[in-house]
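Per-entry structural report
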Amino acid sequence: MPLKILESQIYRGPNVWARVPVIRLKVDLEDLEERPSNTVDGFYDELNHYMPSLYDHYCSMGRRGGFLERIQEGTWMGHIAEHIALELQTIAGSEVGRGLTRSTGEYGIYNVVYQYIQPDLGMEAGKLAIRFVNWLVYKDDPEFNFEEELEELILLAERLAYGPSTKALVEEAERRGIPVIRLDPSRSLVQMGYGVYQQRIWATVTSETSDIAVDIAGNKRLTNQLLQGVGIPVPLGGPVRTFEEALSVARRIGYPIVMKPMDGNHGRGVQINLQNDEDVAKSFRLAQDESRSGYVMVESFVVGRDYRILVVGGQMIACSERVPAHVIGDGSHTIAELIEITNSDPRRGIGHEKVLTRIPVNQSVINVLERNDQTLETIPENGEFVQLQLTGNMSTGGISRDRTNEIHPDNIEIAEQAARIIGLDVAGIDIIANDIATPLKDQAGAICEVNAGPGFRMHTHPTEGDPQDVARPVLDTLFPEGARSRIPITAVTGTNGKTTTCRMIAHIVKMSGRRVGLTTTDGIYIDGTQILKGDMSGPQSAQMVLQNPTVEHAVLETARGGIVRSGLGFDRCDVSVVTNVTGDHLGIGGVDTIDQLADIKAVVPAATWNDGYSVLNADDEWCRKMERRARGEIIYFSMDENNETVRSHLRSRGIAVFLRKRGDSETICLAEGKRETTILDVLDIPATFEGRARVNVKNALAATAAAYASNISLPTIRTGLRSFSTSFFHSPGRLNLLEAGGYRVIVDYCHNVAGMRELTDFVHRLKPSRSIAMISMPGDRRDEDILKFGALAADAFDELVIREDHHLRGRDVGEVAKLLSKAVLENGYSEDQITIVLDELEATNSVMDRASQDDLIVLLADRPEEVWNAVVQRAQSRKGD
């Protein structure tokens, strides 16, 4: 049986497989598990025939041809599919080289992992690689044609790729380490940088491009008027709207003339070298049809070559001579055939997708040929230059010759002045002159147009001459030397305490004066205002914050699920925090052991900058093991000042935050080597409930370490911890206490065994005379975890109301409640101590009905806002009574 794709995933950031974006295909080799490449007749020869470029793959051999050697020796088909998927992308113009293939532990099932640049292209390359391997092995698909499939993949790559100008700017940004986000996959709208430091480009129009300047450049009459007003040479003429007006202006300025749309671009509708009234009559409609406003510019025809001068930030960067689309006769082929031959050049494509554009066969070409008494069927003499377009625009099939080193200084000055007068940061100045090396004043040359958003193709990929680095000066204007492109990112992961730790950090950062973007399992918050509700702890939510142009510091909760599904939403973070690792979510998504779960969590500290900080829990063995993978400087935090990991770390002049106990007093301390600083007494941190909520003492330690790593002053850290509480406003669903109407109610989002262990400890420290709780657990947890959860609840509370989450996550209705009830009964409860009410709000009201005046009520809420509101209403109602 052939290879089959069982699952596919696109990781858009650092992930469990690699630090770069990759695609994972889970494939079933079936009987191919027993058939490595050297056992399939002719496999090597055919693969080498169709894809000889695989010779460049080193593989584990460390040399060219290494991968082909592996095929001859015998390797698995999943491994071969990985290399083919990489090479297919490279052939399509998206050069990638990282990949790996690993067994899942299940017979015949492998994870094929490979790098991509464009996700849709990468996925299609993987699918084609699987089909191609199957065809090479079985030859059972007569419809399969590798060359046709490859051509379709290349066409897809061309549709998805950046245009040449955008690509040049993106590559320069990436070279500088500036993060790039493609905001619209179907267009060239790109964000460079994060948050408040971001800039945007749309092709070569940038965030710094003046809207007024773009409008002026789009109005050829106004452009000429402004340039002429300061003495810069421009053609004579003016705007017209009717054929009669065009004739009048043409006769006034004298033939030959040029007609062009007043607000056109890319040379569309431009009619040049019109010699008489008859030419005007033939050409006027062609020019007007390309004008959005209906106005046409009639100008004197300036004789000479067509030059484009690129000016960036007021400085001339490059100069190119543009030659109109043409063919050279060979004495045997017709013009139509010569066009077809010319268009077969692999450098030519549709529109701006390649360095040259295919020459169109349209009415404009026919008209040009007619003016020279030629047709598409004419056979030009050998060596004859046959012009096909009136203008030298690359978009109509023209070619370019670099003239950067030939332009005269006087002409440079004129071009730079023109760009400044129009007000463009990036401008394409079109000059007609016999020789750009001679001053315009000495040859009757003129500026015929000033363009906003000029294309870079002619400069980066000239048909003749040296390419020019035109992207660098554009990036210099967007990000001058010393300018930042990244906001600080603090990423928090772990099993418990992520949300509260994130909120503590965000609160402290906000107190330092920075505008914070925060993602949590509750939603997205910008400067304290919730803008989106729901579980926002994944990579897409992180991207939302990083795209927000007002954010100065990002604090990102980074949960297991998002890492497993898509990787991280950022390439690197400045500070990473791992709160702990316990056995939650096991048995989900192929994660069956704590060791595997720890590997997933370790992706976050592994994505920390080398000059950043990784904050790890010294009390957690899995966090301690992460030190090997973590980047940046390690900061340990611990509830025990005598923790051996902390002591050893400090002896090595490391940094640690720990809890110091002196009698009944507990203080948070910061130490760097031998130097220690007292941060705050635990009693002064409201979120700890005078030290009773040990989980929030731990969270405060982690938040202190992260804030210190973020270069926030100690006084600000102290102020932040003092003013942060677990009120519903600060931290909804996280140990929220309400005392009103005779009720004492705690609302919390406790959903795993470790969390229930912490909650049980908290309840015992509160020493209530009686306690009653509403409990539940997500349905995707293992039976054994649900039973442990129930056993812990039985130890903590005197009475229980058991509910179920709205989303059952694969369980039958009532199944989780029965498991919890079973666990509670097995741990000493009687039937009358348990009530099962499946609906969350009904269960909330049931608890409130059963509670007495001095009872402690604990509500484990899946929908904390609704539960909180229900409790507030009951409290207010009791007050009224």
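Structure: see above.
Residues numbered from 1 in each chain as written. Predicted model: local features only at pLDDT ≥ 70, side-chain atom pairs only at ≥ 80, totals over all residues. Heavy atoms only, no water.

Structural notes on the state of the cysteines
Going by this rule: Disulfides are defined in this document as cysteine sulfur pairs within 2.5 Å.
Following the criterion strictly, the structure yields 0 disulfides and no others. Left without a disulfide partner, Cys 502 is nearest to the cysteine sulfur of Cys 573, which lies 12 Å away.

Some thoughts on the packing of helix α23 (residues 694-709) against helix α25 (residues 753-766)
Note the threshold: All axes here are fitted lines through C-alpha atoms, helices being fitted over the stretch that makes contact, and every angle between N-to-C directions spans 0 to 180 degrees. Secondary structure is summarised from DSSP: a helix means a run of H or I of at least four residues, a strand means a run of E of at least two, and numbering begins at the N terminus for each. Two residues qualify as a contact provided that any one of their heavy atoms is within 4.5 Å of a heavy atom in the partner residue. Side-chain classes follow a simple rule in which Ala, Val, Leu, Ile, Met, Phe, Trp, Tyr, Cys and Pro form the nonpolar group, Asp, Glu, Lys and Arg form the charged group, and the remainder, Gly included, forms the polar group.
In contact at an axis separation of 8 Å, α23 and α25 are set at 115° when each is read in the N-to-C sense. Together, Arg 694, Val 695 and Lys 698 of α23 and Glu 758, Asp 761 and Arg 765 of α25 make up the contact between the two elements. Residue composition of the contact of α23 with α25, grouped by class: 1 nonpolar, no polar and 5 charged.

Focus on the sheet that holds strand β6 (residues 189-192)
Think of a sheet as strands paired side by side through backbone hydrogen bonds, with each pair either parallel or antiparallel. Basically, it comes down to this: One requirement defines pairing of two strands: DSSP has to find at least two bridges between them.
Reading across the sheet, the 4 strands line up as β5-β6-β7-β8 and stay open at both edges, with antiparallel pairing between neighbours. The open sheet terminates on both sides in strands that have one partner only, identified here as β5 (180-182) and β8 (205-206). Summarising the sheet, strand β7 (residues 199-202) and β8 pair through 2 bridges and their orientation is antiparallel. Its bridge partner lying in β8, Trp 202 is registered against Val 205.

Remarks on unusual backbone geometry
In the segment running from Tyr 255 into Pro 256, the intervening peptide bond is cis, with an omega of -5°. In this structure, Pro 256 sits in the loop between α9 (243-253) and β10 (257-261). Although it is not a glycine, Ala 203 sits at a positive phi angle of roughly 60°. Tracing the backbone shows Ala 203 in the loop between β7 and β8.

Comments concerning the side chain of Arg 694
Convention followed: For the exposure calls, accessible area comes from a 1.4 Å probe over protein chains only, and a residue counts as buried if that area is under 20% of its type's maximum, exposed if over 50%, partly exposed in between.
Mapped onto the secondary structure, Arg 694 falls in helix α23. Classification of Arg 694 by relative accessible area gives buried; the value is 10%. Those residues in contact with Arg 694 that sit more than four places away from it in its chain are Met 639, Leu 659, Lys 661, Glu 666, Glu 758, Asp 761 and Arg 765.

Considering the pairing of strand β4 (residues 109-115)
Within β4, 7 of the 7 residues are buried, leaving the element largely enclosed by the surrounding structure. Of the two faces of β4, the one lined by Ile 109, Asn 111, Val 113 and Gln 115 and the one lined by Tyr 110, Val 112 and Tyr 114 are each fully buried. As judged from the 7 bridges shared by strand β2 (residues 22-28) and β4, these two strands associate in the antiparallel manner. Across the sheet, Ile 23 pairs through a bridge with Tyr 114, a residue of β4. The sheet contact formed by strand β3 (residues 99-103) and β4 spans 5 bridges and is antiparallel.

Points about the pattern of salt bridges
This is how it is decided: Note on definitions: salt bridges are taken to be side-chain nitrogens of Lys or Arg within 4 Å of carboxyl oxygens of Asp or Glu.
With the rule as written, the count across this model stands at 55 salt bridges. The closest approach of N and O atoms between Arg 131 and Glu 149, which form a salt bridge, is 2.6 Å. Taken together, the positions of Arg 131 in helix α4 (residues 119-138) and Glu 149 in helix α5 (residues 146-160) put the pair 18 residues apart, joining distant regions of the chain. Residue Arg 131 is classed as partly exposed on the basis of its relative accessible area of 35%. Taking the relative accessible area as the measure of exposure, Glu 149 reaches 22% and is therefore partly exposed. In this structure, the salt-bridge partner of Arg 734 is Asp 522, at a minimum N-O distance of 3.8 Å. With Arg 734 in the loop between α24 (714-723) and β33 (736-740) and Asp 522 in the loop between β23 (516-519) and β24 (523-526), the pair connects residues that are 212 residues apart, well separated along the chain.

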